[in-house]
Amino acid sequence: MSADSSITKSAEELKEQLIEWRRRLHRYPELSFQEVGTSRFIARRLAEIKGMDVECGIGTKTSVIGSLTAGEGPVVAIRADTDALPILENTGMGYSSRNEGVMHACGHDAHTAIVLGAATVLAEEFRKGTFSGTVKFVFQPAEEWADEEGLSGSPYLIRSGVYEGVDAAIALHMCPWLPVGGVQVNDGCSMASVDVFKVKLFGSGGHGAYPEKGTDPIWMLGPVLQAVHGIVARKVSALDAAVVSIGQVHAGTASNIIPSEVLIEGTIRCYSAEIRALVAEELKKAVSVAECLGGSYSLEIQRGEPALNNDPFVNRLIIRSVEELYPGFRIVKAPFGLGGEDFGYVTERIPGAMFFLGCARDDGVRRDLHTPVFDIDEACLPVGTAVLAAAALKLLEDWPDEQT
Ligand code: NI
């Protein structure tokens, strides 16, 4: 039996197990950096796999890393994110969240179950002795949220050396806009860099009846908002991906008091590093409009994750895996949008690629990521398991010598 067909068979045989794991994780979701029960669950499952080396707490308290090694060869990492979101679940399913107000609304429960499945399947393949090299299973916490240092889970794992010596990394994400039987892939930049900006506009403030005696930052706010919202339309080429959105404006305490300060907060999303730098520069110019009106400003840009940059060679092996394992599948080639993904920190350093795995149920109901009704067709679980396992084996076999 070829490796490909034995992988689909093993993954299909694991289906009930994958569903059970995913539902267990779904029932007990945990927020970013707090995945204590989740990481314990993952470590236990990994420890049950013969030949698996398990390490916990590297980089963050709740990380879990499994390794399978068979002799010399390339090192491939498969990454799953493990955290949930502060959302009150409203799916009405029997496996709904038991932790009120916390929900796996981005499918990280499925990602975790799938990578546990890939670990199980790959351990079987390794036992046959046909492959040499190492596969690392990286269960990374805190993809959704950054701490007070502005860092999510991925950079902490990178700093601790989890990806040192790793030649290539792969990952997947649930794709609720495609049914099971579809995947979305894209070479190069596929998800956006995420920067948060905080602006303060300062004036003198004063009595609402005598605005001429002072400077009014709420008056300055109008032209500043226009200038900020004009950045992408007027300063970025229509061929480049970028978004600047303002999500918060706060000012004032009473109808007759002109405040001395206005706070603005927003998000900057870009694909290329050049556009990211350009938007930061233009943002400074846009808020400096306040100076022309007699006020002053402060601007702070907190740089978050870089864009997800999919390596074409790694992507090709993922595509080949899908084509060989599931010949009838639809493969959509298009970027994944302006959302962020902290796997971007990994693809910034080593060749890597993420693909989106169709998970929509066949009933026409929209169940978008990060909504209280998000849910998946669990038939996608063995598919994700098989594709990740096959792609990892192809990387072990085909990784170019000059790159190892
Ligand atoms: Ni996600």
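Before reading further, recall that the structure is shown in the block above.
For every chain, the first residue of its written sequence is number 1, and the numbers climb from 1 along that sequence. With pLDDT at 70 or above as the cut-off, local features in this predicted model cover only qualifying residues; side-chain atom pairs require 80 or more to be listed or tallied, and sums for whole chains, interfaces and linings still use all residues. Hydrogen atoms and water are omitted, and side-chain values are computed over all heavy atoms in the structure.

1. A look at the overall build of the chain
In step 1: Strands here mean DSSP runs of E at least two residues long; helices mean DSSP runs of H or I at least four residues long; both are numbered from the N terminus. Helix and strand counts for the chain stand at eleven helices and 16 strands.
In step 2: C-alpha extents for the chain along the principal axes are approximately 85 × 50 × 40 Å.
In step 3: Residue burial in the chain is summarised as follows: out of 404 residues, 55% are buried.
In step 4: When contacts within the chain are restricted to residue pairs at least 6 apart in sequence, those whose partners lie at least 24 apart make up 81%.
In step 5: Summing over all exposed atoms, the chain offers an accessible surface of approximately 17300 Å²; the carbon and sulfur share of this is 50%. When a residue's accessible area, from a 1.4 Å probe over protein chains only, is under 20% of the maximum for its type it is buried; when over 50% it is exposed; and in between it is partly exposed. The contact definition used throughout considers only heavy atoms, calling two residues in contact when any of these lie within 4.5 Å. What sets the accessible areas is the Shrake-Rupley method with a 1.4 Å probe; for residues, cover comes only from the shown protein chains.

2. A short note on the pairing of strand β8 (residues 193-202)
In step 1: When DSSP locates at least two bridges between a pair of strands, those strands are taken to pair. In terms of strand pairing, β8 meets strand β12 (residues 261-270) through ten bridges, oriented antiparallel. Along β12, the bridge assignment pairs Val194 with Arg269.
In step 2: Sheet topology note: the β8/strand β13 (residues 296-303) ladder contains eight bridges and is antiparallel. Across the sheet, the residue bridging to Lys198 is Glu300, located in β13.

3. Quick notes on the packing of aromatic side chains
Centre distance and the angle of the planes are the two values used to describe a pair of aromatic rings.
In step 1: Aromatic rings from Phe, Tyr and Trp, with only the six-membered ring used for Trp, were paired whenever their centres fell within 6.5 Å, and each pair was classed as stacked if the ring planes differed by under 30 degrees, edge-to-face if by over 60, and tilted otherwise. Following the criterion strictly, the structure yields five aromatic pairs and no others.
In step 2: Centroid distance Phe33 to Tyr156: 6.2 Å. Interplanar angle 85 degrees. Geometry classified as edge-to-face. Placement of Phe33 in the loop between α2 (15-27) and α3 (36-47) and of Tyr156 in helix α5 (residues 153-159) is noted, with a sequence separation of 123 residues between them.
In step 3: The partly exposed category is assigned to Phe33, whose relative accessible area is 28%.
In step 4: According to the relative accessible area criterion, Tyr156 is buried, its value standing at 15%.

4. Some remarks on the sheet that holds strand β3 (residues 75-81)
In step 1: Taken in spatial order, the eight strands make up an open sheet running β1-β2-β4-β3-β5-β16-β6-β15, and their pairing is mixed. Unpaired on one side and paired on the other, β1 (53-56) and β15 (330-333) mark the two borders of the sheet. Sheet twist, expressed as the average angle between the axes of neighbouring strands with direction ignored, equals 25 degrees.
In step 2: One ladder, built from four bridges, connects strand β6 (residues 182-185) with β15; its direction is parallel. Residue pairing across strands places Val185 opposite Lys333, the latter belonging to β15. A fitted line through C-alpha atoms represents every axis, and for helices the fit uses only the stretch in contact; the resulting angles, taken between N-to-C directions, go from 0 to 180 degrees.

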